[in-house]
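Survey of secondary and tertiary structure
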Protein chains: 4
Amino acid sequence: MADQFITDLNCDMGESYGAWNMGNDAAIMPFVSSVNIACGFHAGDPAIMKKTVKLALQHAVFIGAHPGLPDIQGFGRRDMNITAEEAYDMVVYQIGALSAFVKAEGGTLHHVKPHGALYNMAAIKTSLADAIAEAIYKVDPSLVLYGLSGSELIRSGQKAGLQVANEVFADRTYQTDGTLTPRKLPGALITSHQESLAQVLKMVKEGKVVSQQGTEVAIQADTICIHGDGASALAFAEQIYHTFQNENIRFK
Amino acid sequence: MADQFITDLNCDMGESYGAWNMGNDAAIMPFVSSVNIACGFHAGDPAIMKKTVKLALQHAVFIGAHPGLPDIQGFGRRDMNITAEEAYDMVVYQIGALSAFVKAEGGTLHHVKPHGALYNMAAIKTSLADAIAEAIYKVDPSLVLYGLSGSELIRSGQKAGLQVANEVFADRTYQTDGTLTPRKLPGALITSHQESLAQVLKMVKEGKVVSQQGTEVAIQADTICIHGDGASALAFAEQIYHTFQNENIRFK
Amino acid sequence: MADQFITDLNCDMGESYGAWNMGNDAAIMPFVSSVNIACGFHAGDPAIMKKTVKLALQHAVFIGAHPGLPDIQGFGRRDMNITAEEAYDMVVYQIGALSAFVKAEGGTLHHVKPHGALYNMAAIKTSLADAIAEAIYKVDPSLVLYGLSGSELIRSGQKAGLQVANEVFADRTYQTDGTLTPRKLPGALITSHQESLAQVLKMVKEGKVVSQQGTEVAIQADTICIHGDGASALAFAEQIYHTFQNENIRFK
Amino acid sequence: MADQFITDLNCDMGESYGAWNMGNDAAIMPFVSSVNIACGFHAGDPAIMKKTVKLALQHAVFIGAHPGLPDIQGFGRRDMNITAEEAYDMVVYQIGALSAFVKAEGGTLHHVKPHGALYNMAAIKTSLADAIAEAIYKVDPSLVLYGLSGSELIRSGQKAGLQVANEVFADRTYQTDGTLTPRKLPGALITSHQESLAQVLKMVKEGKVVSQQGTEVAIQADTICIHGDGASALAFAEQIYHTFQNENIRFK
C-alpha cells in the first residue's frame with residue numbers, strides 16, 4: 001500500500017479593505033486547509049475580519065492571524081526599519097484583534113503567519129524573528145508559527161517553544177541554498193500550473209526541490225502557500241486540491 | 001459602627017499616541033481602582049497599550065478596554081453615523097487587541113468602557129448599545145460593561161447578560177432627569193474640587209445627586225470617573241482617594 | 001434650426017486606493033467632460049491621484065478636486081459631526097494636494113465637488129456649506145463649485161463669489177420639492193438606462209424633472225453626474241454621450 | 001568695518017497632531033527666520049497646518065513644507081523602502097496641501113525640506129534625491145530645497161535647476177568627511193549651548209567646522225537648523241538669535 005503523506009495548504013485571505021475588494025475568498029476556501037487572515041494593518045478591517053472568520057469556520061479550515069506592517073497604502077510590502085520591540089507590539093496587537101473575532105464566533109485561533117515585508121525581514125533578521133516568536137508565545141503558546149522554510153523565523157519559533165510550520169511556495173523557484181529566488185530576478189515565478197504541481201508533489205513526497213540551478217535541494221514542506229488573487233488562482237487551487245486527493249496526500 | 005461603602009474610581013489612560021504624550025498615567029495610577037485603556041482607534045498605539053497595561057498590573061488596578069471610533073484626528077469625540085454592525089465590529093476588534101497585551105503580561109481583562117462619541121451615542125441609541133453589549137458578551141461574557149448611569153447602554157448590557165457598572169462623573173453636573181448637563185451649557189462642569197468631592201460622596205453614600213435645578217435625584221453610582229489630564233487632575237485624584245479612606249469608602 | 005444645449009457630464013474618479021482597484025476610469029474617461037478626483041481622505045492616494053490627473057489631461061476633460069471626510073474605511077460616506085472650521089481645513093488641504101499634481105503635469109484645476117457625506121451634509125447645513133465655499137474661494141476664487149442643484153452649498157458658493165454648477169443625477173429620482181429621493185426609500189434609484197436618459201434630456205433641454213409623485217418640477221441642470229462603477233456604468237456612459245451628440249447637446 | 005554675514009535659522013514646526021501637542025511654536029517663532037511645517041504624513045493635520053501658517057505669517061518668517069514618510073506612529077523617523085516614484089508622489093502631495101494653506105492666508109511658500117527618514121535617505125540615495133528634487137521643481141521651480149549640507153539631495157536639487165540651501169545643525173557633531181556623527185554614536189549630540197554657539201559661529205563666519213576628530217573641515221552653511229522641542233529649546237533659540245545680532249550676522 002502506498003505511503004500516505006500529510007500536508008497543509010494555506011492561503012492569505014481577508015485582504016479586502018473598506019469599500020475595496022481583493023481576492024476571491026469564498027471560491028477558494030473549499031480547496032485549502034488553512035487560511036491567514038489580515039488584521040487591519042496592511043489589509044483587512046473589522047468588518048472583513050469578521051466575515052472572513054465566519055467563512056473559514058463554515059469550511060472548517062484552520063484560522064491564522066496574518067499580521068503586517070502598519071502600511072495600508074503599501075499593503076505591508078515595503079520594508080520598514082522597525083525595532084524588535086515594535087515588531088513584538090504590532091504582532092501582539094494584531095493577533096489579539098483577530099483572535100477576538102474567532103472567539104466571538106466560537107472558533108479557536110490556530111496559527112500566526114507574518115505578512116509581506118514583516119515575513120521577509122523576519123526570515124533573515126534574528127532580532128525581529130525572536131520578537132515575533134515571543135509575541136506569539138506570550139499571547140498563546142499553543143499557536144503554530146508559520147514561517148519561511150528553514151528561516152530565522154522558524155528557528156526563533158523553535159527556540160521560543162512554539163510549534164512551527166515550514167512554509168514552501170507552489171509558484172516560486174528556489175536557489176541552491178534553499179532560499180527563494182528574489183522576485184526581481186528572471187525565473188522567480190513559476191507560471192505553469194503543471195510545473196508548480198510537480199514542484200509541490202516533490203516537496204511533499206520527497207522533501208526536495210529542484211533549484212533554479214538544476215540541483216536537488218532538501219526542503220522541509222510542512223505547509224504550502226498558494227495565492228488567492230490573480231486570474232488563475234481558483235483554477236490552480238482546485239487542481240492542487242484534486243491532485244492531492246489522487247496522490248493520497250491528506251490534509252492534517 | 002459606621003456603614004462601609006464600596007465603590008470604584010476609574011480613569012481613562014493610555015491616551016498618548018506615537019511620539020505624542022497625553023495625561024499623567026504613572027502619577028495618577030496609585031489613586032484609582034480601575035483604568036480604561038485606549039485601543040488604537042482614537043488614541044493609543046501598540047507600544048503605549050503594552051506600557052499602560054504593565055503599569056496597571058504593577059498597581060493591581062482593574063484593566064478595561066476603552067474602544068473608540070476610528071477617528072484619531074478627532075480623538076474619537078466626533079459623532080459618526082455608524083451602523084450597529086460597524087459598532088459591533090470595532091468593539092470586538094479593540095477588545096481583542098487590548099486583551100492580548102493583558103494576556104501576554106499575565107493579567108486578566110476586567111471591563112469595557114466605550115470612549116467619547118461612541119459612549120455618548122450608545123447611551124441613547126438602543127441599536128448601538130445592543131451591538132456593543134453583544135460584542136462584549138461574545139468575546140468574553142465575564143467582562144463588566146461600564147456605561148453612563150441609567151443609560152441605554154446599561155440596559156443593553158443587562159439584557160445581554162453582562163455585569164454592568166453605572167458610571168457617574170465627579171466633575172459634571174446633572175439634570176432633574178438624571179442626565180448629564182450637556183458640555184455646551186453653562187455650569188456643565190464642576191470646577192471646584194470641594195463641590196466635586198461633595199457630589200461624589202453624596203452619590204456613593206446616598207445614591208443621590210443634587211441636580212443643577214436644586215432637586216435631589218436618585219442615581220446609581222457603581223463607578224466614578226475622574227479625568228487624568230489637566231493641571232489639577234493629579235491633585236484631585238489624591239484628594240478623592242484620601243477622602244475615601246477617611247470616609248471608610250473601600251474600593252471593590 | 002434646432003436649439004443647441006450646453007451641458008457638462010461629470011464622473012467621480014481616482015477612487016482606487018493602495019493595492020485596491022475601484023472603477024473603470026480609463027474606459028469611461030472618453031465619454032465625460034469633467035472628472036472629480038479623490039484626494040486621499042476617503043479614497044485615492046498620491047500615486048493614484050497622479051495617474052488619474054495624467055489620464056484626465058490626456059482626454060482634455062475638466063479636472064476637479066473631490067474632497068471627502070477623513071474616513072477611508074467608510075469611503076467618506078458616514079456622516080461625521082465635524083465643525084465648520086474642520087470642514088474648511090480639510091477642504092483647503094485636499095484641494096491643495098490635488099492641485100499640486102495638476103500643476104506638476106501642466107494643467108489647471110477647474111472645480112471642486114465635495115464627496116459623499118460631506119456633499120450631503122453641505123447640501124443642507126449652511127455653516128458647513130459656507131465653510132466649504134470659503135475654503136475654495138481662498139485657495140483659488142476662479143474654481144467652480146459643484147454642488148447639489150438648488151442646495152445650501154450652491155447658495156453658499158454664490159454668496160462667496162464663486163462660479164457654481166448645479167448638479168443633477170442621471171440615475172436618481174426626485175421629489176416634488178426638487179430634492180433627491182433618499183437612497184433608503186423605494187424607487188430612489190433609476191435602474192433603466194432609457195428612463196435615466198429621458199430624465200437627463202428633459203433636465204437639460206427643459207430645465208424640468210418629473211418627480212416621483214408625477215409632477216413636473218423646475219430644476220437647474222448645469223452638470224450631470226454619472227457613476228463610474230457598477231457593471232453597466234461604461235455602457236451607460238457611452239449611451240448618454242452618443243445621445244447628446246445626436247440631440248445636439250454640446251459639452252462646454 | 002566688520003564683515004557682515006547673512007544666514008538663515010530654521011526650525012521644524014506644526015508637529016502637533018489632533019488632540020496632542022508637541023513643541024513650543026509660538027514661543028520660538030520670534031527667534032527664527034524660516035520654519036518647516038509638517039504636512040500631515042508624519043505629524044500635523046489640516047487644523048494645525050493652518051494655525052502654524054498663520055503664526056508664521058504674523059512673524060514674517062519664510063514658510064517651508066516639511067514632507068515626511070506616511071508613518072504617523074513612527075513620526076516619519078523609520079526608514080521605509082519606498083521607490084523613487086513613491087517619494088515623488090508623496091512630496092508633490094504634501095507640498096500642495098501646505099501650499100494651499102499658505103495661499104489661502106495670502107502668503108507664499110518659500111522652501112521644501114524633507115523630514116526625518118525621508119531627509120536622511122535622500123541625503124545618500126540619488127534616486128530618491130532626484131525624485132524629490134523633480135517633485136519640487138514640477139510643483140514650483142522657484143521653491144528652495146533645504147537639504148543636508150553637501151548631500152546627494154543638494155546635488156539633485158542643483159541638477160534639477162532648483163535654488164538650494166545647505167543645512168547644518170547647531171547641536172550635532174561632524175566627522176572628518178563632513179558628515180554628521182550618527183545619533184547612535186557617543187558624542188553625536190552637543191549638549192552645551194556654548195559649544196553649539198561656537199560651532200554655529202565658525203560655520204557661518206569661516207565656512208568651517210571642527211570635526212569630532214579635531215580637524216577643521218570645510219562646510220557650506222546656508223541655513224542652520226535648531227530644534228523646537230526639549231526643555232532648553234527656547235532658551236537656546238533666544239541665545240543664538242541675540243548672539244547673531246551682536247555678531248552682525250543678519251537673516252536674509
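Note that the structure is a prediction, hence the values are computed from the model and not measured.

Reading the values: the criteria
Residues numbered from 1 in each chain as written. Chains lettered and ligands numbered in written order. Predicted model: local features only at pLDDT ≥ 70, side-chain atom pairs only at ≥ 80, totals over all residues. Heavy atoms only, no water. Phe/Tyr/Trp six-rings, centres within 6.5 Å; stacked < 30°, edge-to-face > 60°. Helix = DSSP H or I, 4+ residues; strand = E, 2+ residues; numbered from the N terminus. Buried < 20%, exposed > 50% of the residue type's maximum accessible area, 1.4 Å probe, protein only. Expected span 1.5 Å × (residues − 1). Arc of directions from axis to C-beta. Contact = heavy atoms within 4.5 Å. Least-squares fit on C-alpha atoms with pLDDT ≥ 70 in both. Buried area = accessible area lost by both parts, 1.4 Å probe. Salt bridge = Lys/Arg side-chain N within 4 Å of Asp/Glu carboxyl O. Polar contact = N/O pair within 3.5 Å; in protein donor to acceptor, adjacent residues only side chain to side chain. Nonpolar A, V, L, I, M, F, W, Y, C, P; charged D, E, K, R; others polar. Core = buried A, V, L, I, M, F, W, Y, C linked by side-chain atoms within 4.5 Å. Pairing = 2+ DSSP bridges. Axes fitted to C-alpha atoms, helices over the stretch in contact; angles between N-to-C directions.

Describing the packing of aromatic side chains
- Summed over all chains, the structure comprises 31 aromatic pairs over all chains.
- Judged by centre distance (5.4 Å) and plane angle (50°), the rings of B:Phe41 and B:Tyr93 are tilted. Here B:Phe41, found in the loop between strand 3 (34–38) and helix 2 (46–58), pairs with B:Tyr93, found in helix 3 (residues 84–104); they are 52 residues apart in sequence, far enough to count as distant. The same class applies to B:Phe41 and to B:Tyr93, which are both buried.
- Taken together, a centroid distance of 6.1 Å and an interplanar angle of 40° make the contact between C:Tyr241 and C:Phe251 tilted. Taken together, the positions of C:Tyr241 in helix 8 (residues 233–246) and C:Phe251 in strand 11 (residues 249–251) put the pair 10 residues apart, joining distant regions of the chain.

Details of helix 8 (residues 233–246) of chain D
All names here are of chain D.
- Relative to the 20 Å expected for 14 residues at 1.5 Å per residue, helix 8 spans 20 Å between its end C-alpha atoms, a close match to the ideal helical length.
- Those residues of helix 8 that fall on the buried side of the exposure criterion are Ala-233, Phe-236, Ala-237, Ile-240, Tyr-241, Thr-243 and Phe-244. Burial along helix 8 is one-sided: seen end-on, the buried residues are contained in an arc of 165°.
- If you follow the buried residues of helix 8, they end up packed against strand 1 (5–7), strand 2 (9–13), helix 1 (25–28), helix 7 (193–206), strand 10 (223–226) and strand 11 (249–251).
- A positive phi of about 65° marks Asn-248, the residue just after helix 8.

Structural notes on the relation of the copies chain A and chain B
- For the pair chain A and chain B, the relating rotation is 180°, the translation along its axis is 0.0 Å, and the fit reaches an RMSD of 0.0 Å. Classification of the inter-copy transformation places it as that of a two-fold axis.
- Counting the interface residues of chain A, we find that 100% of their copies in chain B are interface residues as well, pointing to one common contact surface.

Some details on the interface of chain A and chain B
- Residue-level contacts link 23 residues of chain A with 23 residues of chain B.
- When the buried surface of chain A facing chain B is broken down by residue, A:Lys50, A:Asp89 and A:Tyr93 rank first, second and third, together holding 30% of it.
- In this structure, B:Lys50 engages A:Glu85 in a salt bridge whose closest nitrogen and oxygen atoms are separated by 2.6 Å.
- The tally of links between chain A and chain B comes to 8 residue pairs in polar contact (both at pLDDT 80 or more).
- Breaking the side of chain A that touches chain B down by element, the ones donating at least two residues are helix 2 (46–58), helix 3 (84–104) and helix 5 (126–139) of chain A.
- Of all the elements, helix 3 of chain A adds the most residues to the side of chain A that touches chain B, at 12 residues.
- Each residue belonging to the side of chain A that touches chain B can be placed in one class, and the counts come to 14 nonpolar, 2 polar and 7 charged.

Considering the interface of chain C and chain A
- With 15 residues of chain C at the contact, the number on the chain A side is 15 residues.
- Between chain C and chain A, a total of about 1,100 Å² is buried, with carbon and sulfur atoms accounting for 69% of that surface.
- By the criterion of area lost to chain A, the three top residues of chain C are C:Tyr17, C:Trp20 and C:Gln73, representing 59% of everything that side buries.
- The tally of links between chain C and chain A comes to 0 salt bridges.
- Linking chain C with chain A are 2 residue pairs in polar contact (both at pLDDT 80 or more).
- Classifying every residue of the side of chain C that touches chain A by side-chain character gives 8 nonpolar, 5 polar and 2 charged.

Considering the nonpolar core
- Core analysis: the largest hydrophobic core is formed by 325 residues, its most contacted members being A:Leu98, B:Leu98, C:Leu98 and D:Leu98.
- Other than its neighbours up to four places away in sequence, B:Leu98 contacts B:Ile37, B:Cys39, B:Met49, B:Val53, B:Ile63, B:Gly64, B:Ala65 and B:Leu109.

A closer look at the relation of the copies chain C and chain A
- Mapping chain C onto chain A leaves a residual RMSD of 0.0 Å; the transformation is a rotation of 180° accompanied by 0.0 Å of translation along its axis.
- With an isologous cut-off of 70% or more, the 100% of interface residues of chain C that recur at the interface of chain A puts this contact in the isologous class.

Some details on the sheet that holds strand 4 (residues 62–66) of chain B
Residue and element names in this part refer to chain B.
- In space, the 7 strands of this closed barrel follow the order 2-3-4-5-6-7-10, with parallel pairing throughout. Between one strand and the next, the sheet's axes are offset by a mean angle of 35°, whatever the strand orientation.
- Of the pairings in the sheet, the one linking strand 7 (residues 163–169) to strand 10 (residues 223–226) comprises 3 bridges and is parallel in character. When the sheet's bridge partners are listed, Glu-167 is paired in strand 10 with Thr-223.
- Where helix 6 (residues 152–160) meets the sheet, it contacts strand 6 (144–148) and strand 7, and its direction lies at approximately 155° from that of strand 6.
- In the packing of helix 8 (residues 233–246) onto the sheet, the strands contacted are strand 2 (9–13) and strand 10, and the crossing angle to strand 10 comes to about 155°.

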